[in-house]
Amino acid sequence: MATTDFVKEINRMRSEKNAIVLAHYYQTPEIQDIADCVGDSLALAQWAAKTDAGMIVLCGVHFMGETAKILSPEKKVLIPDPNAGCSLADSCPADRFAEFVGAHPDYEVISYVNTSAAVKALTDVVVTSTNARRIVETFPADAKLIFGPDRNLGNYINSVTGRKMLLWDGACHVHEQFSLEKILKLMDVYPQAELLAHPECRQPVLAIAGFVGSTSSLLSYSARSQKKEFIVATESGIIHEMRRQSPDKTFIPAPPNDSTCACNECSFMRLNTMEKLYLCLRDESPEITVDPAIREKAVKPIRRMLELSL
C-alpha cells in the first residue's frame, strides 16, 4: 500500500475509532505531519491527560506509552512498535534503582520521565528536560535529592542550581554519541552558526553551546532567534519542525562519533513507521498495559509534575 493510502486510511480510522495520534519530535517527518499533536515528553503527557479520545496512539517509545496509560487507565493506549524502547530507561532497571533508593532512605527521589512505570512508582516527583530545573528549585536548598537516571541532565541541573543531587549513572545513547571534535570542526565550517544542545549531552558539548534546553526549548529558541544558522545537538528528528517553523534558516545536525553518519538518530524512535501506525490502528494492537498496583504509585509523581508545570 502506498504512503498516500496510509495517510487516507489512518485519517479514516482515527475518526471512526475516536483515536488521537500523538508523536514525539524525534519521529519521522511523515509521522509528525499526520499526528494530532507533536511535542516533547511533557507536551505528550499533558495531551494524554486531557484528551477526550477513547484511544491514544503514542508514536514514540515505550515509556511514553506507559505514561499515557498511567494518566488515562480507562483509555486504550497503543504504540506502533512494541520494541521501541529507550536506552536511558533501560540503563535504570527498577530492581537496582530500588536498592539505590533504599540505601538512601532520607533522600527524596526525582526521576526523569524517561523511565519505566516501575521506576516512576519509586519516585516522589517526575520531571522532563523542560521543567527539571524549575521543579528541582521547588525543593529547599538543603534538600537531599536523588536524581535519576540521566547523569548528564542531573549534572547540568546541579551546575545551574548549585544543588548537589545524588545522581544515578545512566545516559541516553544518542546524546552520549555526539563528537566534540566533529562539532568544533563543523563550527569552523559554519562560523556564524550557533550550537544548540540538549542537556542530555555530555558536559564538554554543553560547555560550547550557545543555548542549552529541551527539545521544545531548542525549537522555540531557534524560531525567535535573529541568527540564521544553527548546529543542533539532539536527535535529528527535531530539525523537521525547526525547518517548518523557520524555513528561512539553516539547521545542521551535529555529528556523532560514528564516522559513517552525519546526523544522530535514535534507532528506537525510528522503529515506528507509517505502515506500523496504520496496522496499529487497524488491529488496535500492540496495546500498552501497566500493572494496576504500579500504576497507583506511578501516577502520583506524574500528577505532581503536571501540577508544578501549570
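As the structure is a computational prediction, the values presented were derived from the model and not from experiment.

Asker: Any chance you could break down the overall build of the protein chain for me, citing the residues and the numbers?
Answerer: Looking only at helices and strands, one finds 16 helices and 12 strands in the protein chain. Taken over C-alpha atoms, the radius of gyration comes to 19 Å for the protein chain, in line with the 19 Å a tight globule of 310 residues would show. In the protein chain, buried positions account for 55% of the 310 residues. Total accessible area computed for the protein chain in this model is approximately 13200 Å², and 50% of it derives from carbon and sulfur atoms. Positive and negative side-chain charges of the protein chain, numbering 33 and 39 respectively, have mean locations separated by a distance of 3 Å.

Asker: Lay out the pairing of strand S5 (residues 108-112) with the relevant residues and their values.
Answerer: Of all 5 residues in S5, 4 are buried; the element is thus mostly enclosed. With 3 bridges joining them, S5 and strand S6 (residues 125-127) adopt parallel strand pairing. When the bridges of S6 are listed, Ile110 appears paired with Val125.

Asker: How would you summarise the layout of surface pockets if you had to cite specific residues and measurements?
Answerer: If you add up the space inside the largest pocket, you get close to 180 Å³. Taken together, 14 residues make up the lining of the largest pocket; nearest its centre are Ser129, Thr130, Tyr156, Val212 and Gly213. Counting residues per element, the lining of the largest pocket draws most heavily on helix H9 (residues 151-161), at 4 residues. In this model, the second largest pocket occupies a volume close to 150 Å³. Lining the second largest pocket, in full, are Asn152, Asn155, Tyr156, Ser159, Gln203, Leu206, Ala207 and Val212.

Asker: Give me the packing of helix H3 (residues 41-50) against helix H4 (residues 62-71): which residues, what numbers.
Answerer: Contact geometry for H3 and H4: axes closest at 8 Å, N-to-C directions at 30°. Relative to H4, H3 is oriented so that their crossing is right-handed. Residues Ser41, Leu44, Ala45, Ala48 and Ala49 of H3 form the contact with H4, whose own contacting residues are Phe63, Met64, Thr67, Ala68 and Leu71. In terms of residue class, the contact of H3 with H4 is made up of 8 nonpolar, 2 polar and no charged.

Asker: Describe in detail helix H14 (residues 238-245), supporting the description with residues and values.
Answerer: Burial in H14 covers these residues: Ile238, Ile239, Glu241 and Met242. Each buried residue of H14 sits inside an arc of 160° when the element is viewed along its axis, so together they form one side. On its buried face, H14 is in contact with helix H2 (29-34), strand S9 (194-197), helix H13 (215-224), strand S11 (229-233) and strand S12 (250-253).

Asker: I'd like a rundown of the packing of aromatic side chains, residues and numbers included.
Answerer: With the rule as written, the count across this model stands at 6 aromatic pairs. On the numbers, 5.3 Å between centres and 80° between planes, the contact of Phe100 with Trp168 is edge-to-face. Placement of Phe100 in helix H6 (residues 94-102) and of Trp168 in the loop between strand S8 (166-167) and helix H10 (173-176) is noted, with a sequence separation of 68 residues between them. Across the pair, Trp168 and Phe100 agree in class, each one buried. Of the aromatic side chains, those joined through ring pairs into one cluster are Phe97, Phe100 and Trp168. A cation over an aromatic ring shows up here: Lys50 above the ring of Trp47, its NZ or CZ 4.8 Å from the ring centre.

Asker: Any details on the sheet that holds S6? Residues and values, ideally.
Answerer: Here we have 4 strands laid out as an open sheet, ordered S6-S5-S7-S8, and parallel in their pairing. The open sheet has two free edges, formed respectively by S6 and S8, since each of these has just one partner strand.

Asker: Summarise the state of the cysteines; cite the residues concerned and give the values.
Answerer: The final tally for this structure, using the stated rule, is 0 disulfides. With no disulfide of its own, Cys172 lies closest to Cys86 among cysteine sulfurs, the gap being 6.4 Å. With relative accessibility at 11%, the residue Cys172 sits in the buried group. Cys280 takes part in no disulfide bond, and the closest cysteine sulfur to it belongs to Cys59, at a distance of 7.3 Å. Its relative accessible area of 1% is what places Cys280 among the buried residues.

What counts, and at which threshold
- Residue numbers run consecutively from 1 along every chain, following the written order of its sequence.
- Only residues with pLDDT of at least 70 are given local features in this predicted model, and only at 80 or more are side-chain atom pairs given and counted; all residues enter the totals for whole chains, interfaces and linings.
- Each side-chain value is worked out from all heavy atoms of the structure, with water and hydrogens disregarded.
- Put simply, DSSP marks the helices as runs of H or I at least four residues long and the strands as runs of E at least two long, and each gets a number from the N terminus on.
- Our radius of gyration looks at C-alpha atoms and nothing else; its globule reference is 2.2 Å times the residue count to the power 0.38.
- Per-residue accessibility, obtained with a 1.4 Å probe over protein chains only, is compared with the maximum for each type, and a residue is labelled buried under 20%, exposed over 50%, and partly exposed between these values.
- For the area figures, the Shrake-Rupley method with a 1.4 Å probe applies, and any residue is considered shielded solely by the protein chains shown.
- Charged-residue counts in this description rest on Lys and Arg as positive and Asp and Glu as negative, His and the chain ends being excluded.
- Positions of charges follow a simple convention, taking NZ of Lys, CZ of Arg, CG of Asp or CD of Glu.
- Any two strands with at least two DSSP bridges between them are considered paired.
- Buriedness of a pocket was judged along seven lines, with at least five required to meet protein on both sides within 12 Å; pockets are open sets of points on a 1 Å grid over the protein atoms alone, cavities are sets where a 1.4 Å probe fits but cannot get out, and lining residues have an atom within 4 Å of a point.
- Grid points are joined across faces, edges and corners, and a volume is the space filled by probe spheres set on the points.
- An axis is simply a line fitted to the C-alpha atoms; with a helix, the fit covers only the stretch in contact. Between two such axes, the angle follows the N-to-C directions and lies from 0 to 180 degrees.
- Less than a right angle of anticlockwise turn of the near helix away from the far helix marks a crossing as left-handed, whereas a clockwise turn marks it as right-handed.
- Two residues qualify as a contact provided that any one of their heavy atoms is within 4.5 Å of a heavy atom in the partner residue.
- Residues are grouped as follows: nonpolar covers Ala, Val, Leu, Ile, Met, Phe, Trp, Tyr, Cys and Pro; charged covers Asp, Glu, Lys and Arg; every other residue, Gly included, is treated as polar.
- By arc we mean the arc of the directions from the helix axis to the C-beta atoms, nothing more.
- Whether two aromatic rings pair depends on their centres lying within 6.5 Å, for rings of Phe, Tyr and Trp, where Trp uses its six-membered ring; planes under 30 degrees apart make the pair stacked, over 60 edge-to-face, and the rest tilted.
- A ring is considered to have a charge above it if a Lys NZ or an Arg CZ atom is located within 6 Å of its centre and within 35 degrees of its normal.
- Whenever a pair of cysteine sulfur atoms sits within 2.5 Å, that pair is classed as a disulfide.

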